[in-house]
Amino acid sequence: MHPAYVALILVDLQVDFMPAGMLPVAEGDVVIPIANALMPHYRTVVATQDWHPGNHGSFAANHPWRKPGQVIDLHGLQQVLWPIHCVQNTWGAEFVAELDSDRITKVFQKGTDPEIDSYSGFYDNGHRKSTGMAEWLKAKGITEVHVLGVAADFCVKFTVLDALSEGFTTVLIKDATRGVNLQPGDVDRAISDMQEAGASIQLSGELVDAL
Ligand code: VGL
Ligand code: ZN
């Protein structure tokens, strides 16, 4: 068991990000058994959940003539347009059925404001509103977080960067993340960005063997 000051963060392990989903992450499903194997070793497991209203500004379908992958200015921020995904109260927004969701202590939803996207589990992309995750973790005495999930080059990356700026010792569990790679090499660059910002890059096996 990891000490009580360590929490596991599961990023967006939702149906729409799996290979058959609306915003597919190649091999995203390999993360699920690793998450299930790790969860019993943590006293605190938190999960982020992408949770968009149908009129969300990140959906290409909500902008006439726009297609997924294009970049627009959304209320002053650069926004990649995505296929419709993780719409509140739809199947695609649910956690993957094979995930042992009973082990999740607390869920933080993000992307609920139609005007702004939220890749990080901590803040929206404009860093205006907190989801409450940092405050909740700190109130529990958590000082270290281990992060896994999808997508490595979007929500995982920004969750890790915000965890570091919030002062958490931060580990990226490298074998338990996969990304979208809009451009070839995006995932590798995201991992270097996280490492350069101060994250430690580890494998799930190392995190269990150390116990
Ligand atoms: C994500 C794009 C849009 C993610 C969420 O979970 O990385 N990516 N919404
Ligand atoms: Zn989203």
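Residues numbered from 1 in each chain as written. Chains lettered and ligands numbered in written order. Predicted model: local features only at pLDDT ≥ 70, side-chain atom pairs only at ≥ 80, totals over all residues. Heavy atoms only, no water.

Looking at an unreviewed UniProt entry, one finds the chain named Nicotinamidase, with Neolewinella agarilytica as its source organism. As recorded by UniProt, the Sequence similarities (unreviewed entry) comment attached to the chain reads in full: "Belongs to the isochorismatase family." Check the Pathway (unreviewed entry) section of the UniProt entry for the chain; it says "Cofactor biosynthesis; nicotinate biosynthesis; nicotinate from nicotinamide: step 1/1." (UniProt positions renumbered as here; feature names shortened; annotations may be inferred.)

Caption draft 1: Region of interest: the overall build of the chain. Across its full length, the chain holds five helices and eight strands. The C-alpha radius of gyration of the chain comes to 16 Å, within 12% of the 17 Å expected for a compact globule of 211 residues. Reported as C-alpha extents along the three principal axes, the dimensions of the chain are approximately 55 × 35 × 35 Å. With 211 residues in all, the chain has 52% of them scored as buried. In the chain, the share of contacts with a sequence separation of at least 24, taken over all contacts with a separation of at least 6, comes to 74%. Accessible surface, the chain as shown: approximately 9400 Å² in total, 52% of it carbon and sulfur. Taking the average place of the 14 positive charges on the side chains of the chain and the average place of its 26 negative ones, the gap between the two points comes to 3 Å. (Helix = DSSP H or I, 4+ residues; strand = E, 2+ residues; numbered from the N terminus. Rg over C-alpha atoms; globule rule 2.2 N^0.38 Å. Buried < 20%, exposed > 50% of the residue type's maximum accessible area, 1.4 Å probe, protein only. Contact = heavy atoms within 4.5 Å. Areas by Shrake-Rupley, 256 points an atom, 1.4 Å probe, with all protein chains shown as cover. Lys, Arg positive; Asp, Glu negative; His and termini not counted. Charge placed at Lys NZ, Arg CZ, Asp CG, Glu CD.)

Caption draft 2: Fine view of the nonpolar core. Grouped together as the largest cluster of nonpolar side chains are 40 residues, with contacts concentrated most on Ile9, Phe122, Leu137, Val145, Val160, Phe168 and Met194. Elements that contribute at least two residues to this core include exactly strand S1 (6-11), helix H2 (133-139), strand S6 (144-150), helix H3 (152-165) and helix H4 (186-197). The greatest single-element share of this core, amounting to seven residues, is contributed by H3. When residues no more than four places from it in sequence are discounted, the contact partners of Val160 are Val147, Thr170, Leu172, Met194 and Ala199. (Core = buried A, V, L, I, M, F, W, Y, C linked by side-chain atoms within 4.5 Å.)

Caption draft 3: Structural detail: the coordination of the zinc ion (ligand 2). Coordination of the zinc ion (ligand 2) by the protein comes from Asp50 (OD), His52 (NE2) and His85 (NE2), over a distance range of 2.0 to 2.2 Å. One can describe the site at the zinc ion (ligand 2) as irregular: its four donor atoms subtend angles covering 87 to 169° at the metal. As a motif over one chain, the donors of the zinc ion (ligand 2) read D-x1-H-x32-H. On the criterion of sequence distance, the pair formed by Asp50 in strand S2 (residues 44-50) and His85 in the loop between strand S4 (77-80) and strand S5 (106-110) is long-range, its members being 35 residues apart. (Donors = N, O, S within 2.8 Å, 3.2 Å for Na, K, Ca; no water. Tetrahedral: all angles 85-135°; square planar, octahedral: opposite > 155°, others 65-115°.)

Caption draft 4: Quick look at the layout of surface pockets. Within this model, the largest pocket holds a volume of roughly 430 Å³. Forming the boundary of the largest pocket are 22 residues, of which Val80, Tyr119, Asp153, Phe154 and Phe158 lie nearest the centre. Broken down by secondary-structure element, the contributors of at least two residues to the lining of the largest pocket are S4, H3 and H4. Sorting elements by how many residues they give to the lining of the largest pocket places H3 first, with five residues. Taken together, the residues of the lining of the largest pocket break down into eight nonpolar, seven polar and seven charged. Space inside the second largest pocket adds up to approximately 240 Å³. Looking at the lining of the second largest pocket residue by residue, the classes come out as two nonpolar, seven polar and six charged. (1 Å grid on protein atoms, 1.4 Å probe; cavity = no way out; pocket = protein on both sides within 12 Å on 5 of 7 lines; lining within 4 Å. Points joined across faces, edges and corners; volume = space filled by probe spheres on them. Nonpolar A, V, L, I, M, F, W, Y, C, P; charged D, E, K, R; others polar.)

Caption draft 5: Structural view of the UniProt feature "domain: Isochorismatase-like" (unreviewed entry) in the chain. Cross-referencing UniProt, the feature "domain: Isochorismatase-like" (unreviewed entry) maps to residues 7-201 in the present numbering. Between the end C-alpha atoms of residues 7-201 the distance is 16 Å, and the span holds 21% helix and 23% strand.

Caption draft 6: Expanded view of the site of ligand 1. Inspection of the region around ligand 1 gives Asp12, Phe17, Leu23, Asp50, Trp82, His85, Tyr119, Val150, Ala151, Phe154 and Cys155 as its neighbouring residues. Asp50 places a side-chain nitrogen or oxygen 3.1 Å from a nitrogen atom of ligand 1. At 3.1 Å, a side-chain N or O of His85 approaches a nitrogen atom of ligand 1. Protein chains shield 100% of the accessible area of ligand 1, which is 260 Å² for the free molecule. (Near = heavy atom within 4 Å. Polar contact = N/O pair within 3.5 Å; in protein donor to acceptor, adjacent residues only side chain to side chain.)

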